[in-house]
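Below are the chains, spelled out letter by letter.
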Amino acid sequence: MSETLLEIKNLAVEYHTDSAIIYAVNNINLTVKKGETIGLVGETGAGKTTIARSILRILPIPPAKVISGEILFEDTDVLKVSEAQMRKIRGNKIAMIFQDPMTALNPIETVGFQIAETIKIHNKISRVESHKRACDMLEMVGIPMERFSDYPHQFSGGMKQRVVIAMALACNPELLLADEPTTALDVTIQAQVLEMMQSLKEKLGTSMILITHDLGVVADICDSVAVVYAGEIVERGTIEHIFDHASHPYTVGLFGSLPALESTERRLSPIKGLMPDPTYLPKGCRFYERCPDASDNCVRFAAQEPAQAPGELAAAPEEIAIAPEEIEIAPGHFVKCFKYSKKTAEAAREGE
Amino acid sequence: MAPLLEIRNLKKYFKTGGGMLHAVDGINVTLSEGKTLGVVGESGCGKSTLGRTILHLLDATDGQILFEGKDITNPSKKELHKLRENMQIIFQDPFSSLNPRMSVSAAIMEPLMLKGGLSKSDMLEETRLLMDTVGIARRFENAYPHELDGGRRQRIGIARALSLKPKFIVCDEPVSALDVSIQAQIINLMLDLQEERGLAYMFVTHDLSVVKYISDDIMVMYLGQMVEKAPADELFRNTLHPYTKALLSAIPIPSIHNKTKRILLTGEITSPVNPKPGCRFVARCPYASEECHELQTLEEAEPGHFVSCCKYKEINNNI
């Protein structure tokens, strides 16, 4: 497809608290192409929001700490640029829609002012001009511009989310990060907002990372999907790869947990157990404990030389459980699971 | 046989600064033993108020509630105490519905203590059995709610509701605060319990795919009124009311094939304060006309399938 807009390489983020270290994001890789909408799917605490916040550099530091990795946005590493430069990117080239429209808006400023403020900060234009642009933005998201001077509490939830979207799109960003944009809304309002986001995206050509736990929403508006589990991307690919050829047992389990409208079965097939505690992540494959396909093949060890203090005798090499690597099982379809190996993937591709 | 629960023309109004808020406005329901009635609607449609009014957590403004054929609309304090053994509720938010200073066993034991008549050791034994029933390991007996995840907390809520062996449970959005993989575990647990104990559920939710899965009958509410009620499969196969149609088409389906065209509603839910006598959906309805501003009656379109729309025949013949 077209060129890459954002590339995340080996990103790892930890939260250091007094009592423990929380491994929130563990060496993830992700690429977003121009104009593409990618869905980041996973359960609460999987690390989805931390990924989005790292891109915008709005992680609370401390306790958060970026351990390693690069986030290349238009070939600049946003993790390395100065704060002044970052401020030019944030809200201008990369914008974010937050989950809860009730708390994302300033209650003591009019909605029009809040949109105009964003425009004015990033463009050298007059107050009148920014005012006019803000009116246009309101109209674009389906709010009459007469409501420019209304305060957030005068709007309903769905309308507030439209205002937040208008604010995010005000500077015509290249990349939009939408963190559960419709979770707080009713279904009929959700349908309106999704429809609007879809048409705006097509009109403006914005790329989008959509964070959600709702696979139905993903099916509606995403081009590709990354499934996040315990701080790792366990599977990523196009929407066809994930919905028609789900390969990681966790992805398969997620689909099994959903009550399907057309199914007649009387029992759901949930994933057993719980998400691992991110302070004590299991060594090796993180999904092993809950995996219905787990076998002896999934526990693998590699010898590792232990750290050697100067002056001491070298200890025997330790056996360390290793985690599965990301394997490309079809072009653009990556899975982190021991079920797949480079050999079988290549054989399958040759067979195709 | 008399149905387990019968509600006739139940109304619950709240007085507000702007006038009377019609939260529940003339609802009729019957529910038999071992069955599930799904109540769906958007936020503010009165579905939670309905559940709470039935349980007398709120006093009804008008109407009748019959439980096992007996009128319980205005019970005495003593009767109410007895009634609550048979009618229980599972709340939506397992984070705020548990007392943070009560351990798991104390929380589950509380209803037994209030009922009285059991020795301390019997109660503890009963509590442990309940924990096994809902699938909380006994090692959590002395844990406090903040140490547990949402799924386990909701299991405590279920254990509390079950402790007095009720016949009827109002489930007020019991799974909407949970992640999908945990949600499926809790739904399966609730279905198992229903089979074992012949429980009747009133399942209040906004999640239509969950409700279809768990319910025998589904009632759709809009601004305090019932707009359509039918057996679950019938409602999805033969949807009659324009609001139900829009609601069903708005569900995002987790499949990338056979996408149907959405019916997009314009506008948002109107205010339930001092509503006009006609159809309450009229402002958003694509088929609205003059006659919709008159009082709507509930019609039985098919056996067991009720709809409150004067134009349903016309609308459904045209498609």
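Re the overall build of chain B
(1) Moving on: Looking only at helices and strands, chain B features 10 helices and 12 strands.
(2) Moving on: Its C-alpha radius of gyration of 21 Å places chain B within 12% of the 20 Å reference for a compact globule of 319 residues.
(3) Moving on: Counting only C-alpha atoms, chain B reaches 65 × 50 × 45 Å along its principal axes.
(4) Moving on: Within chain B, buried positions represent 52% of all 319 residues.
(5) Moving on: Taking as baseline every contact in chain B between residues at least 6 positions apart, the subset at least 24 positions apart corresponds to 64%.
(6) Moving on: Put simply, chain B has 37 plus and 39 minus side-chain charges, and the middle of one group is 4 Å from the middle of the other.

Here we look at the pattern of salt bridges
(1) Moving on: For the coordinates displayed, the defined rule picks out 26 salt bridges over all chains.
(2) Moving on: When the shortest N-O distance is used, the salt bridge between E83(A) and R57(A) registers 3.1 Å. A residue pair is termed long-range when its members are at least 10 positions apart, and E83(A) in helix 2 (residues 83-89) and R57(A) in the loop between helix 1 (48-56) and strand 4 (64-73) qualify at 26 residues.
(3) Moving on: Put simply, R152(B) and D149(B) hold a salt bridge, and the shortest N to O gap is 3.1 Å.
(4) Moving on: Of the residues examined, D149(B) reaches a relative accessible area of 25% and is grouped as partly exposed.
(5) Moving on: Via salt bridges that share partners, R57(A), E83(A) and R90(A) belong to a single interconnected network.

Quick word on the pairing of strand 7 (residues 168-172) of chain B
Residues and elements named next belong to chain B.
(1) Moving on: The element strand 7 is largely enclosed, with a buried count of five among its five residues.
(2) Moving on: Along strand 7, one buried face is formed by F168, V170 and D172 and the opposite face, lined by I169 and C171, is buried too.
(3) Moving on: Pairing geometry for strand 6 (residues 87-90) and strand 7, over four bridges, is parallel. Its bridge partner being in strand 7, I89 is matched across the sheet by V170.
(4) Moving on: Relative to strand 8 (residues 200-205), strand 7 is paired through five bridges, and the arrangement is parallel.

Observations concerning the confidence of the model for chain B
(1) Moving on: Summing up the model confidence of chain B, the mean pLDDT is 87 and the portion of residues at 70 or higher is 98%.
(2) Moving on: We note a pTM of 0.82 for the whole complex and an ipTM of 0.77 for its interfaces.

What about the interface of chain A and chain B?
(1) Moving on: Across the boundary between the two partners, chain A contributes 41 residues, which contact 41 residues of chain B.
(2) Moving on: For the pair chain A and chain B, the two sides together bury roughly 3700 Å², of which 56% comes from carbon and sulfur.
(3) Moving on: On inspection of chain A and its partner chain B, the count reaches zero salt bridges.
(4) Moving on: At the level of secondary structure, the elements contributing two or more residues to the side of chain A that touches chain B comprise helix 6 (157-169), helix 7 (187-204), helix 8 (215-221), helix 9 (239-244) and helix 10 (249-257) of chain A.
(5) Moving on: At seven residues, the largest contribution of residues to the side of chain A that touches chain B is made by helix 7 of chain A.
(6) Moving on: Classifying every residue of the side of chain A that touches chain B by side-chain character gives 18 nonpolar, 10 polar and 13 charged.

Regarding the sheet that holds strand 5 (residues 70-71) of chain B
Residue and element names in this part refer to chain B.
(1) Moving on: Taken together, four strands build an open sheet; the order of strands is 2-1-4-5 and the sheet is antiparallel. This sheet does not close on itself; its edge strands, each paired only once, are strand 2 (19-31) and strand 5.
(2) Moving on: Packing against the sheet, helix 1 (residues 47-54) makes contact with strand 1 (5-16), strand 2 and strand 4 (62-67), and its axis sits at approximately 115° to strand 1.

A short note on the packing of helix 3 (residues 104-115) of chain B against helix 5 (residues 150-162) of chain B
All names here are of chain B.
(1) Moving on: The N-to-C vectors of helix 3 and helix 5 enclose an angle of 25°; their axes lie 7 Å apart at closest approach. Between helix 3 and helix 5, the interaxial angle falls into the category roughly parallel. Helix 5 is crossed by helix 3, and the crossing has right-handed handedness. Judged by residue contacts, V104, A107, I108, E110 and P111 of helix 3 engage I156, A159 and R160 from helix 5.
(2) Moving on: In the contact of helix 3 with helix 5, the residues fall into six nonpolar, no polar and two charged.

Looking at the environment of G256(A)
All names here are of chain A.
(1) Moving on: On the secondary structure map, G256 appears in helix 10.
(2) Moving on: Exposure remark for G256: the relative accessible area of 24% places this residue in the partly exposed category.
(3) Moving on: Linking G256 and S207, residues 49 residues apart in sequence, is a C-alpha distance of 30 Å.

Notes on the state of the cysteines
All names here are of chain B.
(1) Moving on: Here the structure, examined in full by the defined rule, presents zero disulfides over all chains.
(2) Moving on: The structure places no disulfide on C45, whose sulfur is separated from the nearest cysteine sulfur, that of C279, by 14 Å.
(3) Moving on: The buried category is assigned to C45, whose relative accessible area is 1%.
(4) Moving on: Free cysteine C279: the closest other cysteine sulfur is in C292, separated by 6.0 Å.

Focus on the sheet that holds strand 9 (residues 224-229) of chain A
Residues and elements named next belong to chain A.
(1) Moving on: Read across the sheet, eight strands follow the order 6-7-8-3-9-10-14-13 without closing on themselves; strand pairing throughout is mixed. Because the sheet does not close on itself, it has two edges, and the strands there are strand 6 (94-97) and strand 13 (326-330). Sheet twist, expressed as the mean angle between neighbouring strand axes with direction ignored, is 20°.
(2) Moving on: Pairing geometry for strand 3 (residues 37-41) and strand 8 (residues 207-212), over five bridges, is parallel. The partner of V41 across the bridge, within strand 8, is T212.
(3) Moving on: Lying over the sheet, helix 7 contacts strand 3, strand 6, strand 7 (175-179) and strand 8, oriented at roughly 160° with respect to strand 8.

Rules of the game
- Residues numbered from 1 in each chain as written.
- Chains lettered and ligands numbered in written order.
- Predicted model: local features only at pLDDT ≥ 70, side-chain atom pairs only at ≥ 80, totals over all residues.
- Heavy atoms only, no water.
- Helix = DSSP H or I, 4+ residues; strand = E, 2+ residues; numbered from the N terminus.
- Rg over C-alpha atoms; globule rule 2.2 N^0.38 Å.
- Buried < 20%, exposed > 50% of the residue type's maximum accessible area, 1.4 Å probe, protein only.
- Contact = heavy atoms within 4.5 Å.
- Lys, Arg positive; Asp, Glu negative; His and termini not counted.
- Charge placed at Lys NZ, Arg CZ, Asp CG, Glu CD.
- Salt bridge = Lys/Arg side-chain N within 4 Å of Asp/Glu carboxyl O.
- Pairing = 2+ DSSP bridges.
- pLDDT = per-residue confidence, 0-100.
- Buried area = accessible area lost by both parts, 1.4 Å probe.
- Nonpolar A, V, L, I, M, F, W, Y, C, P; charged D, E, K, R; others polar.
- Axes fitted to C-alpha atoms, helices over the stretch in contact; angles between N-to-C directions.
- Parallel < 35°, antiparallel > 145°, perpendicular 65-115°, else oblique.
- Left-handed = near helix turned anticlockwise from the far one by under 90°.
- Disulfide = S-S within 2.5 Å.

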